[in-house]
Amino acid sequence: MLLIRRFEEKSAEMYALAKIAGFLHLYIGEEAVAVGAISALRPDDYAISAYRDHGHCLARGSDPNHVMAELFGKETGLCHGKGGSMHLVDAPRRFMGGYAIVGGHIPLATGLAFATKYQKLDLVTVCFFGEGATPTGQAHEALNLAALWKLPVIFICENNRYGMGTPAERAIALYADVAGTARSYGIMAERVDGMDVLAMRDVMRRVIDQVRGGQGPVFLEAMTYRFMGHSMSDPAHGHYRTKEEVDTHRKCDPLLLLKQTMLSNSLGTEADFVQLEREVGEVVAAAVKFADDSPFPTPAALHTDVIRVE
Amino acid sequence: MVLSYREALNQAMSEEMRRDSRVFLIGEEVGYYQGAFKVSKGFVEEFGPQRVVDTPITEAGFTGLAIGAAMAGLHPIVELMTMNFGILALDQIVNNAAKIHYMSGGQLSVPLVIRGPGSAAHQLGAQHSQSLEAWFCHVPGLKVVAPATPHDAKGLLKSAIRDHNPVIFIEAQLLYGTKGDVEDGDYTIPIGLAEVKRNGSDATIVAYSKMLLLALEAADQLSREGIEVEVVDPRTLKPLDMQTIVASVKKTGRLVIVEEGWHFCGLGAQIAESVYAAAFDYLDASILRITGEDVPMPYSRPLEDAAIPNVPRIIDAVKSVYGRQ
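Residues numbered from 1 in each chain as written. Chains lettered and ligands numbered in written order. Predicted model: local features only at pLDDT ≥ 70, side-chain atom pairs only at ≥ 80, totals over all residues.

Visitor: Which residues make up the pairing of strand β13 (residues 255-262) of chain B, and what values do they have?
Guide: Residues and elements named next belong to chain B. Buried residues dominate β13, accounting for seven of its eight residues. Where β13 lies against strand β14 (residues 288-292), four bridges are found, and the strand directions are parallel. Each bridged residue has a counterpart across the sheet, and for I257 the counterpart in β14 is R289. (Buried ≥ 20, exposed ≤ 12 C-beta atoms within 10 Å, placed from the backbone. Helix = DSSP H or I, 4+ residues; strand = E, 2+ residues; numbered from the N terminus. Pairing = 2+ DSSP bridges.)

Listed below in structure tokens is the structure:
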């Protein structure tokens, strides 16, 4: 979680320096959802995400050097500079991508799960999306198919209260119970504290075996909050929410919560955290240096990978 | 062996499904109904419902599901009851199937066939009579195939199923019952290879799918008037075999392109541009395009007939480029 936080803070700095361009959607405040959920997966399980995907990719174990290089648009990036912030893919780590059409990757997740069931493998697919995706037609079609065919997929709705600047209560009829969307398809659904990484991990550990065992999909509504703006063009709060609201949620910072829990249970000392900060800082600094030192793709790369040849 | 177009498709799919367990068929009514146009007759009995998957009416959902399954190593065949319904799945086709290989820097691929009938049949109305191949051809990352004969349909469908990329395979309702000689057993026809269906020296017609049959009929009639037309069937629309088309135009000096799709921004415009770039000095006349009219397809029979290319229009066009009018 600390790596994701510091990595993204550094990404914002790099954006200000024009080392990173385009869209950059920060996950700051929501780290516990990805880390808690992904920590319960096996290495060969699939994970797939929407466009706010740095956290999921790093949580899956991707090398920060190659993630940062992708944000820089460099040849050494995960996708050789062809994907960018919103389209990170790390196939060897079964991170099947970030997708930038809201709701459009949810059918892909059901397809990954369909494939593992077809292949008689005991794998699960975990699919992350925001609450803003739940009213899309594609989400509903995917939920219906997943429930109908009892596919081994865990839908994780990251309810950060806002779809860009529109609060859930102005966008979603079932805003007070987004998990109810899935329940209406007969999918087991529950709400979880997405600011508490241990709660996320616990609920995942509880449900993953039943999903793996073929009892059908599960839908988790992780209650979370985005501390930063929607993207870099949006200030930390904006016209659509107040500074006070953001500050209130910052008191539930998932990193602070975990640190307090660890200190009070003697699972770490202040010195440990100082040491951890130093180590993470070195990793992030190295990632920036790696990205900065890496070459841009050559013009010859423009036309490769359009069609798979062979 | 003489087979119908429908039987040729059935053979191609069943042979590939026997050969490769990763191949499965998914779509509306493909199983117990035997396919809306009976293309998958006998499939669910032979392969079972796990590999012949009936879906609810959710094109975006099941097309997206098939793309995800392809990303995980399967080779799905998606049957769209008609290509018109591909519009509902266009986000999945354009934003996911076509782009995932590129966006991932080559890490992921989508070996997938999306097949079904395009173009008009008989009076099906505006929403069920569209030729959308130009839309698909516009998108980098897709291959587009539109065979006209049973032999080509079988060989190209087998190639499409074995391809590592998303292939849009466009059939036609009015072709399903047509018959032709089909090679026995396993054979493939490479994607991207045109075929000269009729030799001639006076003018070239490029036509594909159902329009090929009209072009051949027009060529027969013109032959009786002493005009020998060469008919080129691209068979694959993307990648387009310009080499074969250009070679024919260099020989005849005249070109008519026939397509059922709408005129504006149609595929023929692209073919004409490519021919002008490659063989301008060989042309003895401007290239003519015979296309569908730029209107939603009307229901009424005489209006529908007026909206679709026909043999007399093709004959007139050839005579016009040949200077006989």
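So that's the structure; there's more coming.
Visitor: How would you summarise the sheet that holds strand β4 (residues 153-159) of chain A if you had to cite specific residues and measurements?
Guide: Residues and elements named next belong to chain A. Strand order across the open sheet formed by six strands is β2-β1-β3-β4-β8-β7, with parallel pairing between neighbours. Because the sheet does not close on itself, it has two edges, and the strands there are β2 (95-98) and β7 (188-193). Averaged over all adjacent pairs, the angle separating strand axes in this sheet is 15°, with direction ignored. Both strand β1 (residues 46-49) and β2 contribute to a ladder of two bridges, which runs parallel. (Axes fitted to C-alpha atoms, helices over the stretch in contact; angles between N-to-C directions.)

Visitor: Report on unusual backbone geometry, specifying residues and quantitative values.
Guide: With glycine set apart, most residues show a phi of negative sign, and most peptide bonds adopt trans. Across the junction of K238 of chain B and P239 of chain B, the peptide omega takes the value 0°, indicating a cis bond. Of note in this structure, S266 of chain A is not a glycine but carries a positive phi near 55°. Checked against the element boundaries, S266 of chain A lands in the loop between α10 (254-264) and α11 (270-293). Residue R235 of chain B is not a glycine yet carries a positive backbone phi of 65°. You can see R235 of chain B is positioned in the loop between β11 (229-233) and β12 (236-238).

Visitor: So what about the domain arrangement of chain B? Which residues, and what values?
Guide: Residue and element names in this part refer to chain B. Entries for chain B in the domain assignment read domain 1 (2-181) and domain 2 (195-322). Taking only C-alpha atoms into account, the centre of domain 1 sits 26 Å from that of domain 2. Contacts between domain 1 and domain 2 engage 23 residues on the former and 23 residues on the latter. Residue assignment for the side of domain 1 that touches domain 2 shows that the elements contributing at least two residues are α6 (133-137), β6 (143-145), α7 (150-162) and β7 (166-172). A breakdown of the residues in the side of domain 1 that touches domain 2 according to their chemical character gives 15 nonpolar, five polar and three charged. (Domains from an automatic or database assignment. Contact = placed C-beta atoms within 7 Å. Nonpolar A, V, L, I, M, F, W, Y, C, P; charged D, E, K, R; others polar.)

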